[in-house]
Amino acid sequence: MSVDISRGGLLVTLAIFGVIVYEMRTVLDFVGIELPIIPYMAAVFVLAGASVWYVTLKGGWRTEPEGDEPA
């Protein structure tokens, strides 16, 4: 089984997820619950590393779209 994903797609997904989590942290800070930034940053890097490892383990990156063979 190979993972059909491009590096750009994974990076955009991680960026969107990171911004959403950061905004949730900002809302909690506004409410009065302060969370430190260092564990947040560490979690984002661990998630990115685990995602890259998983894609590499399952078959690597999609390098070009698969299309019909030329006639």
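Model, not experiment: these values are computed from the prediction.

## Remarks on the overall build of the chain
Consideration 1: From N to C terminus, the chain includes two helices and zero strands.
Consideration 2: Restricting the contact set of the chain to residue pairs at least 6 apart, pairs at least 24 apart contribute 67%.
Consideration 3: With an accessible surface of roughly 6000 Å², the chain has 68% of that area assigned to carbon and sulfur atoms.

## Section: the UniProt feature "transmembrane region" (unreviewed entry) in the chain
Consideration 1: UniProt records the feature "transmembrane region" (unreviewed entry) for residues 7-25 and 37-57 in the present numbering.
Consideration 2: In residues 7-25, the share of helix is 100% and the share of strand is 0%. The end C-alpha atoms are 27 Å apart.
Consideration 3: Here residues 37-57 is 100% helix and 0% strand, with 30 Å between the C-alpha atoms at its ends.

## Quick notes on the side chain of Ser-51
Consideration 1: Structurally, the position occupied by Ser-51 is in helix H2 (residues 37-57).
Consideration 2: Excluding its chain neighbours within four sequence positions, the residues that come into contact with Ser-51 are Leu-10 and Leu-14.

## Considerations on the side chain of Arg-25
Consideration 1: With respect to the secondary-structure elements, Arg-25 resides in helix H1 (residues 7-31).
Consideration 2: Buried charged residue Arg-25 carries no salt bridge. Nearest counter-charge: Asp-29, at 5.8 Å.
Consideration 3: In contact with Arg-25, other than residues within four places in its own chain, are Leu-35, Pro-36 and Ile-37.

## Details of a nonpolar patch on the surface
Consideration 1: Taken together, the side chains of Val-27, Leu-28, Phe-30, Val-31, Ile-33 and Leu-35 present a nonpolar region at the surface, about 620 Å² in accessible area.
Consideration 2: Mapped onto the elements of the fold, Leu-35 is located in the loop between H1 and H2.
Consideration 3: Of the residues examined, Leu-35 reaches a relative accessible area of 40% and is grouped as partly exposed.

## A look at H2
Consideration 1: Under the 1.5 Å per step criterion, the end-to-end length of H2 is 30 Å for 21 residues, consistent within 8% with the ideal 30 Å.
Consideration 2: Elements that come into contact with the buried residues of H2 comprise H1.
Consideration 3: Of the residues flanking the end of H2, it is Gly-59, one or two places downstream, whose phi is positive at about 135 degrees.

Analysis parameters
Residues numbered from 1 in each chain as written. Predicted model: local features only at pLDDT ≥ 70, side-chain atom pairs only at ≥ 80, totals over all residues. Heavy atoms only, no water. Helix = DSSP H or I, 4+ residues; strand = E, 2+ residues; numbered from the N terminus. Contact = heavy atoms within 4.5 Å. Areas by Shrake-Rupley, 256 points an atom, 1.4 Å probe, with all protein chains shown as cover. UniProt positions renumbered as here; feature names shortened; annotations may be inferred. Buried < 20%, exposed > 50% of the residue type's maximum accessible area, 1.4 Å probe, protein only. Lys, Arg positive; Asp, Glu negative; His and termini not counted. Salt bridge = Lys/Arg side-chain N within 4 Å of Asp/Glu carboxyl O. Patch = residues over 30% accessible without salt bridge, like charges linked within 9 Å, V, L, I, M, F, W, Y side chains within 5 Å. Expected span 1.5 Å × (residues − 1).

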